[in-house]
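# A closer look at the structure
In case you want the letters, here they are:
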Amino acid sequence: MELTRRDAVAALAAVGATGGVALAARRSGDGPDRADADRDDAGRADGEGDDGGDGDALPDDETVRAAMTAFATVLYPSEVEGVEAFVDRFLDGRLDGSAHATGVRTTVGELDDAARSWYGAPVAELSEDDRDRLLREVGADTADEDSDGTLAERVRYHVVNELLLALYASPTGGELVGLENPQGHPGGTESYRQGPR
Amino acid sequence: MSAGDASRDGDRSPVANADVCVVGSGPAGALVADRLAADREVVVLDAGPRFDPTDRLTRQERAIRPSYDRPDVWDVGGERDAHSNSGEWFYPLNHARVKGIGGSTLHWQGMVMRLHEDDFNSKTERGVGPDWPIDYGDLRSYYAEAERELGVAGASDNPYAPPREEPHPMPAFEPSYSDSLFAEACEELGIDMHSVPNARNSETYDGRSACVGYGTCQPVCPAGAKYDATVHVDRAEEKGANVIDRAAVQRLEHDADRVTAAVYATPDGEEHRQTADAFVVACGGVETPRLLLLSESEEYPDGLANSSGTVGKFFMDHLFAGVGGTLDEPTRQNHVGFYTSACDQFYDEADEDIGPFKLEFFNYAGPSPVEMALTGNDWGDDLVDRLRDGYGTHVAMGGLVEQLPRSDSYVTLDPDRTDDHGNPVPDIHWSVGDRALRTIERANEIQRSVLEELGAEIEWVAGPDATGPAFHHMGTTRMSADPDAGVVDADCRTHDLDNCWIASSGVFPTSGAMNPTLTIAALALRVADDVREQLSQPL
Ligand SMILES: Cc1cc2nc3c(=O)[nH]c(=O)nc-3n(C[C@H](O)[C@H](O)[C@H](O)COP(=O)(O)OP(=O)(O)OC[C@H]3O[C@@H](n4cnc5c(N)ncnc54)[C@H](O)[C@@H]3O)c2cc1C
Ligand code: SF4
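Predicted model, so just to flag it, every value in this text is computed and none were measured. (Residues numbered from 1 in each chain as written. Chains lettered and ligands numbered in written order. Predicted model: local features only at pLDDT ≥ 70, side-chain atom pairs only at ≥ 80, totals over all residues. Heavy atoms only, no water.)

### Remarks on the overall build of chain A
Our working rule: Secondary structure elements are taken from DSSP: a helix is a run of H or I of four residues or more, a strand is a run of E of two residues or more, and numbering for both begins at the N terminus. Accessibility here uses a 1.4 Å probe with only protein chains present; expressed as a share of the type maximum, an area under 20% marks a residue as buried, one over 50% as exposed, and anything in between as partly exposed. Only heavy atoms enter the contact rule, under which two residues are in contact if any of them lie within 4.5 Å.
Regarding its fold elements, chain A presents eight helices and zero strands. Along the chain direction, N to C, the helices and strands of chain A fall in the order α-α-α-α-α-α-α-α. For chain A, buried positions account for 54% of its 197 residues. Within chain A, counting contacts between residues at least 6 apart in sequence, those at least 24 apart form 61% of the total.

### Here we look at the pairing of strand S7 (residues 259-265) of chain B
Residue and element names in this part refer to chain B. Which entries qualify depends on this criterion: DSSP bridges decide pairing: two strands pair if at least two such bridges lie between them.
With six of its seven residues buried, S7 lies for the most part within the structure. Across six bridges, the pairing between strand S6 (residues 248-254) and S7 is antiparallel. Bridge pairing in S7 links Ala248 to Ala265. Linking two consecutive strands that pair antiparallel, namely S6 and S7, is a turn of four residues. Two strands pair when backbone bridges link them, and S7 and strand S8 (residues 271-275) are joined in this way by five bridges, in the antiparallel orientation. Opposite Val263, over in S8, you have Arg273 as the bridge partner.

### Overview of the site of ligand 1
Residues and elements named next belong to chain B. To be explicit about the condition: The cutoff for a nearby residue is simple: one of its non-hydrogen atoms must lie within 4 Å of the molecule or strand. The definition of a polar contact used here is a pair of N or O atoms within 3.5 Å, where within protein one atom must be able to donate a hydrogen and the other to accept one, and adjacent residues in sequence count solely through side-chain atom pairs. In this classification, Asp, Glu, Lys and Arg are treated as charged, Ala, Val, Leu, Ile, Met, Phe, Trp, Tyr, Cys and Pro as nonpolar, and every other residue, Gly included, as polar.
In the region of ligand 1, 38 residues are neighbours, and Asp46, Ser104, Met111, Val249 and Thr517 sit closest. Contacts to ligand 1 include Ala47, whose backbone N or O atom sits 2.9 Å from a nitrogen atom. Contact between ligand 1 and Pro516: an oxygen atom at 3.4 Å from a main-chain N or O atom of the residue. A per-class count over the shell around ligand 1 returns 17 nonpolar, 17 polar and four charged.

### Remarks on the pattern of salt bridges
Residue and element names in this part refer to chain B. Filter applied, for reference: Take a side-chain nitrogen of Lys or Arg and a carboxyl oxygen of Asp or Glu: if they are within 4 Å of each other, that pair is a salt bridge.
For the coordinates displayed, the defined rule picks out 51 salt bridges over all chains. Arg97 is the salt-bridge partner of Glu287, the closest N and O atoms lying 2.6 Å from each other. With a gap of 190 residues between them, Glu287 in helix H9 (residues 284-294) and Arg97 in the loop between strand S3 (84-85) and helix H5 (122-126) connect regions that are remote in the sequence. Relative accessible area serves as the criterion here: at 12%, Glu287 is assigned to the buried category. Arg126 is paired through a salt bridge with Asp348; the nearest N and O atoms lie 3.8 Å apart.

Structure (structure tokens):
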């Protein structure tokens with residue numbers, strides 16, 4: 001099943017992000033968004049071991065996008081297509097200057113550090129099996145989400161549930177389960193009246 | 001932003017020469033304020049904040065994500081909202097209210113029915129509980145007005161509803177697919193289904209959007225299609241009312257027969273005194289009696305307006321009765337967050353032994369897949385398999401049951417625990433009698449028969465042992481013609497104080513089994529008319 005632009009817009013709507021604005025800015029090559037002002041790409045250039053929490057150095061947009069897309073291919077069912085464009089569009093609206101965006105960046109940065117130290121490569125370069133294993137090794141499969149919690153809880157919040165929420169609040173994600181108007185998606189007042197197709 | 005607020009620009013100081021001070025900006029307070037604001041100087045004080053309407057989608061995310069509890073969605077909890085539970089039955093108070101501009105309607109479900117005629121005459125018609133000092137006829141035109149004010153989508157296909165004089169302001173929502181499955185079973189059993197009134201726009205109404213199907217009505221409607229009391233707060237402000245948020249009233253100053261000032265605390269730690277000619281207390285069914293008890297004095301040693309000793313007494317809620325299960329076919333649940341069909345057929349069979357109850361056919365039975373997806377140890381193909389397994393074939397019926405007023409069910413102050421201002425917190429001592437428990441069983445019996453007729457495998461029953469409250473706080477400042485038997489008179493004015501009214505389900509002498517807010521709204525409009533009339537005479 002193909003994820004479309006409409007799905008990304010719907011996923012953003014479900015979490016209150018104004019995807020359209022950020023999307024336009026980035027696509028027209030306007031340069032860095034607000035959060036980029038704080039970032040320090042250089043400090044992240046080569047592997048720094050596992051001292052992931054070393055301060056303000058946040059991964060840049062491309063690193064976050066690459067890692068999140070890589071995780072999405074693990075988290076989403078194999079029948080879903082168009083994952084990269086979907087995640088990319090979703091993050092257009094999500095990686096704004098908010099505290100939430102900083103949480104995503106920080107957590108992805110820590111996961112990238114862990115990937116480097118345990119597997120010798122950043123998340124985006126790991127095999128699908130290794131990405132799956134990495135998420136389980138940090139404990140994100142059994143952790144309860146918590147945006148201020150342990151690494152496992154933050155990964156569950158900012159990576160795993162972030163991406164699952166995006167998918168399953170979108171019409172295509174809902175349809176995978178037989179619900180084309182999932183909670184969080186303003187899909188109108190027709191579908192509840194219609195019988196199974 | 002509206003006129004009243006913009007002119008004061010966040011100023012929380014008292015308003016000079018106020019005619020009316022309304023305490024609480026839920027639907028009760030907001031409707032009173034709106035109705036009086038055009039030609040009176042009105043000030044509204046609310047303990048909670050003014051929420052930013054653009055935050056609603058973020059609050060919706062909280063509603064879906066597992067790390068937030070329901071009270072977190074509207075920032076309920078903490079020291080401000082501390083409370084105790086000394087009763088046999090636990091009462092989850094902070095799931096049952098919101099503090100802030102708009103009050104608990106920010107969170108509510110928005111089902112709005114009129115009480116039945118017999119509900120006003122429980123003693124006479126059913127042999128239990130007191131009669132109200134007013135009857136359906138006294139509220140009938142106010143009900144119609146309340147339906148227009150809130151914006152109610154409904155139809156006249158319910159043969160069991162009390163008489164009405166005009167259609168609802170908006171057409172009812174069409175029945176759901178699962179309603180059509182229930183309809184076949186109900187027809188076999190001779191059970192009537194009919195539409196149900198929703199304070200939710202089936203079409204654009206009053207400048208507010210039609211429902212767009214977000215499906216998170218309870219606890220938040222991002223579209224503004226579900227009515228909430230910010231509608232009337234905004235309108236009151238446009239007419240010139242001053243609305244002060246984060247202004248928790250600590251006590252009502254008074255002399256023997258008049259309230260003289262509402263003393264309120266602001267976030268900067270200051271206390272202010274708002275004077276007015278008339279006071280309308282609209283803090284909900286728990287905080288209203290608490291504020292009266294906190295305002296005790298030499299004249300009123302047991303609490304303000306409490307000469308009858310009934311302030312806080314007779315706390316009631318509706319009890320939930322439900323049965324759910326699965327079919328071996330798709331049932332198309334969780335597209336929208338409200339229900340579209342109900343059954344009031346058994347309501348007026350109520351007597352001494354069995355109370356009135358109403359039945360609901362859910363459109364949101366079983367889990368929501370997106371919420372399921374965020375909990376569990378799986379992802380990828382395993383997760384989608386689990387979701388397909390868990391979603392799709394659920395059905396459920398709910399229902400509400402009347403609880404009678406009892407002297408062992410009450411709200412009082414807990415002397416051992418204080419809130420963020422050092423005031424004793426409310427102690428909910430909730431007790432439920434046998435009649436309500438029997439009524440739950442009776443509702444379950446019918447619900448079970450419908451599900452069995454449908455061929456459902458029954459998976460859960462919310463019976464007498466697993467029931468819970470519907471979050472409707474009633475009875476705690478009872479209305480009675482007799483000053484020794486109630487707090488307010490038939491006009492909702494306190495017997496003790498000439499210039500103090502209570503707008504709240506706290507005034508209900510009995511609860512019926514219909515969701516209370518349409519009746520709260522009708523009474524609030526009536527209170528506003530009485531305040532206007534009294535203000536036009538020397539008080
Ligand atoms: C989850 C949920 C679902 C519900 N669903 C339905 C439904 O479907 N149908 C229905 O009819 N009803 C429903 N209700 C109940 C409905 O929300 C209430 O009946 C209604 O909001 C009561 O209106 P009110 O104005 O009396 O009180 P509230 O709406 O509770 O407002 C009271 C206000 O007073 C303020 N206040 C309290 N103390 C003070 C003080 N000391 N000083 C200043 N301000 C103070 C509070 O901050 C609050 O804003 C539901 C409630 C909940 C929680
Ligand atoms: S389904 Fe509920 S939350 Fe969604 S728009 Fe309609 S009323 Fe609002």
